[in-house]
Amino acid sequence: MGSESLIPILADFFMREPSLSPRRLCLFNTKTGAALRELNFLTSILAVRMNKKRLVVVLLEKTYIYDINSLQILDTIDTVPNLKGLCAFSPSLDGSFLAFPASITKGSVLVYNVMELQSHCEIDAHRSPLAAMVLSSNGMYIATASEQGTIIRVHLVSDATKSYSFRRGTYPSNIFSLSFSPSTELPDILLASSSSGSVHVFSLGFALNHRSRRSNTFLGSIVPDSVTDVLDSAYHHVLHHAVPAGVKSNAVVRKIERVPDTSMAECAVLRATISVLTNGGYFLEYGSTINRQNESSWTLEREYNLLTVQGEQAASSNVGN
């Protein structure tokens, strides 16, 4: 198989289709719709990730690394039981890392280099087991949340050091998803969706500027970073009731841009396009803006039920036939 026929491709393991096995992975060419290959496993597939060079398949206690062109197995990683198929993958070929839980009793993360096929580092991120994780698109940063769901931490992958700690809230909550904004360097924002029904935006750029100012103060010179992280204002923006409480959702930053702030000279507003998809098939797209004063505003730009739209399209097709 040539690389052109596999890029882009779609891996679909049809977890909810009763007629198809959850142990079967089907590869399709999204340009032609042609089926390319099937891979079968002894246990259910819990997650699939890929980029232009690697295909990653996550099972309960094993993770397989494939060459995306030849589909040759490059490595098999024995893991701790991973019931949720929790993993994170950076698509960049320069920093192509895979992360997955290293423990079932605490929030440790194992980071693996899929290009060099070797373990990169282990990060002790939380005291409680992990609930969510994400790598930035360039593989520089990893964000994690534990089952407590009160603190979200960001570590620098290269040396496994903590860069940020953000408090999502005081009371425990299930973190359903984490998402960095697209960036070649430091992502501007980190996004989280939770069981409270809220979407949380953390401003990494503002936190970095605040940290630089704080380090020049007397307090910053005598108090360790691990303590002052707790003292930091959170640079935390919340869209309450984005989805009904308890409904599982996945939120991603689709686009981010800087636009001129008409109210202030030489200042820019950060504008993000955020998509939220619920388990029930509802799609919502929000616009979020953050100005230089760290003030935010939200607008709902699109909303529809994907299942209803699909049904209407199928009905129209039948009528036309």
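As a starting point, this report considers the structure included with it. Just so it is clear, the structure is predicted and the values come from calculations on it, not from any experiment. (Residues numbered from 1 in each chain as written. Predicted model: local features only at pLDDT ≥ 70, side-chain atom pairs only at ≥ 80, totals over all residues. Heavy atoms only, no water.)

### Quick notes on unusual backbone geometry
Backbone geometry at Leu 71 places phi at a positive 60°, although glycine is not the residue there. By secondary structure assignment, the location of Leu 71 is in the loop between strand 6 (62-67) and strand 7 (73-78). Classification of Leu 71 by relative accessible area gives buried; the value is 5%. Notably, His 241 is not glycine yet its phi reads approximately 55°, a positive angle. Structurally, the position occupied by His 241 is in the loop between strand 19 (236-239) and strand 20 (249-260). Residue His 241 is classed as exposed on the basis of its relative accessible area of 69%. (Helix = DSSP H or I, 4+ residues; strand = E, 2+ residues; numbered from the N terminus. Buried < 20%, exposed > 50% of the residue type's maximum accessible area, 1.4 Å probe, protein only.)

### Overview of the pairing of strand 10 (residues 107-113)
Remark: a regular strand shows side chains that alternate across the two faces of the sheet. Counting buried residues in strand 10 gives six out of seven residues, a clear majority hidden from the surface. Two elements, strand 9 (residues 97-101) and strand 10, share five bridges in a ladder whose sense is antiparallel. Bridge pairing in strand 10 places Phe 100 opposite Leu 110. Linking two consecutive strands that pair antiparallel, namely strand 9 and strand 10, is a turn of five residues. In the sheet, strand 10 pairs with strand 11 (residues 118-126) via seven bridges, with the strands oriented antiparallel. Residue Leu 110 lies in a different strand from strand 11, and its bridge partner there is Glu 122. (Pairing = 2+ DSSP bridges.)

### Quick word on the packing of aromatic side chains
Counted according to the given criterion, the structure contains six aromatic pairs. Judged by centre distance (6.4 Å) and plane angle (40°), the ring pair of Tyr 64 and Tyr 66 falls under tilted. By relative accessible area, Tyr 66 is classed as buried at 5%. On the basis of an interplanar angle of 10° and a centroid distance of 5.8 Å, the ring pair of Tyr 164 and Phe 166 is categorised as stacked. (Phe/Tyr/Trp six-rings, centres within 6.5 Å; stacked < 30°, edge-to-face > 60°.)

### Describing the pairing of strand 18 (residues 199-203)
Most of strand 18 is tucked away, with five of its five residues classed as buried. Of the two faces of strand 18, the one lined by Val 199, Val 201 and Ser 203 and the one lined by His 200 and Phe 202 are each fully buried. Sheet analysis places strand 17 (residues 189-194) next to strand 18, joined by five bridges and oriented antiparallel. Bridge assignment links Ala 192 to a residue of strand 18, and that residue is His 200. Strand direction decides the pairing type here: strand 18 and strand 19, joined by four bridges, are antiparallel. When the sheet's bridge partners are listed, Val 199 is paired in strand 19 with Leu 239.

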